[in-house]
Amino acid sequence: MQQDCIFCKIASKEIPTKIIYEDEHVMAFPDIKPAAPVHVLVVPKRHIANLCETCSDDITLLGHIMTVIPKIAAQLGVADDGFRTVVNTKDNGGQTVHHIHWHVLGGRFMTWPPG
Ligand code: AMP
Ligand code: ZN
């Protein structure tokens, strides 16, 4: 738990949210400012700042998150039509919350390239 980390507080339930998915290692909850009809954030419960802070010890956790995401997408009804998964990293990546998270966006067609 990192002091003053909003996603640590959500993952530890210090700040309440609508839990979309939860297991021992992961939590998913709605983005407060949705950019699509479905916009969920998937976070590890353990604080990791960003992708650059991961190491080989995190391989199981990272793989777990990647397998949980399609289950969440199916639960939210966007798996059949498809969805976008985004991990913004540091300033140029557009990261604003420094606890690693996967955006899961769906419910509309996504354009490319991103802005
Ligand atoms: P990023 O810019 O990739 O770091 O994404 C951070 C995301 O977190 C943004 O889409 C914000 O809308 C979202 N966000 C910030 N604070 C909260 C919160 N308290 N609950 C849910 N989503 C949040
Ligand atoms: Zn954190």
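Refer to the structure above for everything that follows.
Residues numbered from 1 in each chain as written. Chains lettered and ligands numbered in written order. Predicted model: local features only at pLDDT ≥ 70, side-chain atom pairs only at ≥ 80, totals over all residues. Heavy atoms only, no water.

1. Quick notes on the nonpolar core
Logical step 1: In terms of nonpolar packing, the biggest core is built from 16 residues, with Ala28, Val42, Ile65, Ile72 and Trp102 touching the most fellow members.
Logical step 2: Going through the elements one at a time, strand E2 (26–30), strand E3 (38–44), helix H2 (59–75) and strand E5 (102–106) are the ones with two or more residues in this core.
Logical step 3: Counting residues per element, this core draws most heavily on H2, at six residues.
Logical step 4: Setting aside chain neighbours within four positions, we find Ile72 in contact with Ile20, Tyr21, Ala28, Val40 and Val42.
Logical step 5: Judged by nonpolar contacts, the second largest core, of ten residues, contains Ile10, Met27, Leu41 and Val97. (Core = buried A, V, L, I, M, F, W, Y, C linked by side-chain atoms within 4.5 Å. Buried < 20%, exposed > 50% of the residue type's maximum accessible area, 1.4 Å probe, protein only. Helix = DSSP H or I, 4+ residues; strand = E, 2+ residues; numbered from the N terminus. Contact = heavy atoms within 4.5 Å.)

2. Concerning the coordination of the zinc ion (ligand 2)
Logical step 1: Looking at the zinc ion (ligand 2), the protein donor atoms are Cys5 (SG), Cys8 (SG), His47 (ND1) and His99 (ND1), and they sit 2.0 to 2.3 Å from it.
Logical step 2: Here the zinc ion (ligand 2) binds four donor atoms, and the angle range of 106 to 115° at the metal identifies the geometry as tetrahedral.
Logical step 3: Along the chain, the residues donating to the zinc ion (ligand 2) fall in the pattern C-x2-C-x38-H-x51-H. Across the pair, exposure class does not vary: Cys5 and Cys8 are buried alike. (Donors = N, O, S within 2.8 Å, 3.2 Å for Na, K, Ca; no water. Tetrahedral: all angles 85-135°; square planar, octahedral: opposite > 155°, others 65-115°.)

3. Some thoughts on the site of ligand 1
Logical step 1: Contacts to ligand 1 come from 16 residues, most closely from Asp31, Asn88, Gly94, Thr96 and His103.
Logical step 2: Within the contact set of ligand 1, an oxygen atom lies 2.5 Å away from a side-chain nitrogen or oxygen of Asp31.
Logical step 3: Here an oxygen atom of ligand 1 sits 2.8 Å away from a polar atom, N or O, in the side chain of His103.
Logical step 4: For the shell around ligand 1, the secondary-structure elements that each account for two or more residues are helix H1 (6–11) and E2.
Logical step 5: Ranked by residue count, the leading element in the shell around ligand 1 is H1, at three residues.
Logical step 6: Residues belonging to the shell around ligand 1 are distributed by class as follows: eight nonpolar, six polar and two charged. (Near = heavy atom within 4 Å. Polar contact = N/O pair within 3.5 Å; in protein donor to acceptor, adjacent residues only side chain to side chain. Nonpolar A, V, L, I, M, F, W, Y, C, P; charged D, E, K, R; others polar.)

4. Observations concerning the side chain of Asp31
Logical step 1: When you line up the elements, Asp31 lands in the loop between E2 and E3.
Logical step 2: Among buried Asp, Glu, Lys and Arg side chains, Asp31 stands out as unpaired, with Lys33 the closest opposite charge at 8.0 Å.
Logical step 3: One polar contact links the side chain of Asp31 to the main-chain amide nitrogen of Lys33, over a distance of 2.8 Å.
Logical step 4: When residues no more than four places from it in sequence are discounted, the contact partners of Asp31 are His39, Val40, Leu41 and His103. (Lys, Arg positive; Asp, Glu negative; His and termini not counted. Salt bridge = Lys/Arg side-chain N within 4 Å of Asp/Glu carboxyl O.)

5. Details of the pattern of salt bridges
Logical step 1: Enumeration according to the criterion identifies three salt bridges in this entry.
Logical step 2: Of the charged contacts, one joins Glu22 and Lys45 as a salt bridge, the two residues approaching to 2.7 Å between their closest N and O atoms. A residue pair is termed long-range when its members are at least 10 positions apart, and Glu22 in strand E1 (residues 21–22) and Lys45 in the loop between E3 and H2 qualify at 23 residues.
Logical step 3: Overall, Lys45 belongs to the partly exposed group, its relative accessible area being 26%.

6. Some thoughts on the side chain of Arg84
Logical step 1: Looking at where Arg84 falls in the secondary structure, it is placed in strand E4 (residues 83–86).
Logical step 2: For the buried residue Arg84, which engages in no salt bridge, the nearest side chain bearing the opposite charge is Asp31, 14 Å off.
Logical step 3: In terms of polar contacts, Arg84 uses its side chain to reach the backbone carbonyl oxygen of Thr111, at 2.8 Å.
Logical step 4: Contacts of Arg84, omitting those with residues within four sequence positions, involve His103, Val104, Leu105, Met110, Thr111 and Trp112.

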